[in-house]
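Observations on chain architecture
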Amino acid sequence: MLIKKIIKVVLLLLGGLYVLLQGFALEVEGDTVGAISFILLTWLYIGWTKHKSKLFLLFLVVFTIAQVLGYITWYSPDLKEGQTDYLYYISNILSIASYGFLIIKMLLQLNLKTVFSELAIPVIVLVVLDVFCVSLISSTTENVFNYYEYTLEFAYNSVVMILLSMALINYMYRNNNKSMLFLIGSIFIVFSEIMQLAYFYILDDDNSLGYVYSFFLVVAFVFYYMQSQHIVTDPIPLYSDDSVEV
């Protein structure tokens, strides 16, 4: 238990340091701290989580590998004009896959027949909003990326929005603390990704966005870890109370 508490304290300190480094545009140092933090978070989950989820563990492992590759990118040889940055594609594909594991996890836990019978209208509305938001967000970088980069970015944005929609559906379906914590984490993930996109490709001279997107990312994973400590339960009726455990 002592090691667990020490890791949690270290993670909180590293999270604060990560926000500061990204806010000061010290991206190499920030990515270093980020990679170490995700390795520690994965270790914390594996070593001290009573009810582990294989898909959530896959999410953590794959996302961590993507962050480590992002760190390695800083020390890879400079690309010549016309060369393909394979690490860029691999790390982004891994991030997409990691979010995909979370989506699959929720799909497997939902009774789809019940969802479509009781939440048909919200599902339709969310699909329309997803298409609109992904198209709007992706259009902001249409002139920044080449065809393949834009396709990858479009896929990335699509998966992130699907994750948020699935988290909202999961919360409406289950109505419990675990689903609420997961929804909040997913909201912060989406905010972080949007701010990160603006920081790197749209408003690259606005360092304040570095504080924002990195803070949102840290908060998102705090909520993701919190929800991972709860077991999956049956849906709770709307009139029932569910006490919060921290």
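Everything numeric in this text was worked out from a predicted model, so none of it was measured.

Turning our attention to the overall build of the protein. When its secondary structure is counted, the protein shows nine helices and zero strands. Sequence-ordered secondary structure for the protein, helices as α and strands as β, is α-α-α-α-α-α-α-α-α. Its C-alpha radius of gyration of 19 Å places the protein within 12% of the 18 Å reference for a compact globule of 246 residues. By principal-axis analysis of the C-alpha atoms, the protein measures approximately 60 × 50 × 30 Å. Within the protein, the fraction of its 246 residues that count as buried is 43%. Sequence separation of 24 or more characterises 74% of the internal contacts of the protein that already satisfy a separation of 6 or more. For the protein, the exposed surface amounts to about 13600 Å²; the carbon and sulfur share of it is 69%.

A cluster of nonpolar side chains, namely Val144, Phe200, Tyr201, Ile202 and Leu203, defines an oily patch on the protein surface of about 390 Å² accessible area. Residue classification places Ile202 among the partly exposed residues on the basis of a relative accessible area of 40%.

Our next topic: the packing of aromatic side chains. Two aromatic rings, taken as a pair, are described by how far apart their centres are and by the angle between their planes. Enumeration according to the criterion identifies 26 aromatic pairs in this entry. The interplanar angle of 65 degrees and the centroid separation of 5.1 Å between the aromatic rings of Phe38 and Phe63 together place this pair among those described as edge-to-face. Of this pair, Phe38 sits in helix 2 (residues 27-48) while Phe63 sits in helix 3 (residues 54-73); the two residues are 25 residues apart in sequence, bridging distant segments of the chain. Relative to Tyr213, the ring of Tyr199 lies with its centre 5.5 Å away and its plane at 40 degrees, an arrangement referred to as tilted. Residue Tyr199 is found in helix 8 (residues 177-202), and its partner Tyr213 is found in helix 9 (residues 208-228); the two are separated by 14 residues along the sequence. The residues Tyr199 and Tyr213 share a single accessibility class, namely buried. Ring pairs connect the aromatic residues Phe38, Tyr45, Phe56, Phe59, Phe63, Tyr99, Tyr156, Phe182, Phe221 and Tyr224, which therefore count as one cluster.

Now for empty space enclosed by the protein. Taken as a whole, this structure holds one cavity of 30 Å³ or more when the rule is applied. One number sums up the size of the largest cavity: a volume of about 90 Å³. Considering the residues around the largest cavity, the lining is formed by Lys105, Met106, Gln109, Asn170, Arg174, Asn176, Lys178, Ser179, Phe182, Gln227 and Val232. If you list the elements that add at least two residues to the lining of the largest cavity, you get helix 4 (86-109), helix 7 (147-174) and helix 8. Considering only residue class, the lining of the largest cavity consists of three nonpolar, five polar and three charged.

With 22 residues, helix 2 should reach 32 Å at 1.5 Å per residue; the first-to-last C-alpha distance of 31 Å fits that figure. For helix 2, every residue scored as buried is listed here: Glu27, Gly30, Val33, Gly34, Ala35, Ser37, Phe38, Leu40, Leu41, Thr42, Leu44 and Tyr45. Looking at the buried side of helix 2, the elements it contacts are helix 1 (2-23), helix 3, helix 8 and helix 9.

Cut-offs used in this document
Note that residues are indexed from 1 along each chain, following the sequence as it is written. For a predicted model such as this one, the threshold for reporting local features is a pLDDT of at least 70, and the threshold for listing and counting side-chain atom pairs is 80 or more; totals across whole chains, interfaces and linings nevertheless cover every residue. With hydrogens and water stripped out, all remaining heavy atoms of the structure feed into the side-chain values. Runs of H or I in DSSP of at least four residues are treated as helices and runs of E of at least two as strands, each being numbered from the N terminus. Note that the radius of gyration is over C-alpha atoms, with the globule rule given as 2.2 Å times the number of residues to the power 0.38. Remark: exposure states derive from per-residue accessible area (1.4 Å probe, protein chains only) relative to the maximum for the residue type, with buried under 20%, exposed over 50%, and partly exposed in between. When checking whether two residues touch, look at their non-hydrogen atoms; a contact exists if any pair is within 4.5 Å. Residue burial considers only the protein chains on display, and all accessible areas are found by Shrake-Rupley using a 1.4 Å probe. Each patch is built from salt-bridge-free residues with over 30% relative accessible area, joining like charges within 9 Å and nonpolar side chains (Val, Leu, Ile, Met, Phe, Trp, Tyr) within 5 Å. Between Lys or Arg on one side and Asp or Glu on the other, a salt bridge is scored when a side-chain nitrogen of the former is within 4 Å of a carboxyl oxygen of the latter. Two aromatic rings from Phe, Tyr or Trp, using only the six-membered ring of Trp, form a pair when their centres are within 6.5 Å; if the ring planes differ by under 30 degrees the pair is stacked, by over 60 it is edge-to-face, and anything between is tilted. A pocket, in this scheme, is an open set of points on a 1 Å grid over the protein atoms alone with protein on both sides within 12 Å along at least 5 of 7 lines, while a cavity is a set where a 1.4 Å probe fits but cannot get out; residues line either one if an atom lies within 4 Å of a point. Grid points are joined across faces, edges and corners, and a volume is the space filled by probe spheres set on the points. When residue character is reported, Ala, Val, Leu, Ile, Met, Phe, Trp, Tyr, Cys and Pro are called nonpolar, Asp, Glu, Lys and Arg charged, and the others, Gly included, polar. Between the first and last residue of a helix there are one fewer steps than residues, each counted as 1.5 Å, and that sum is the expected span.

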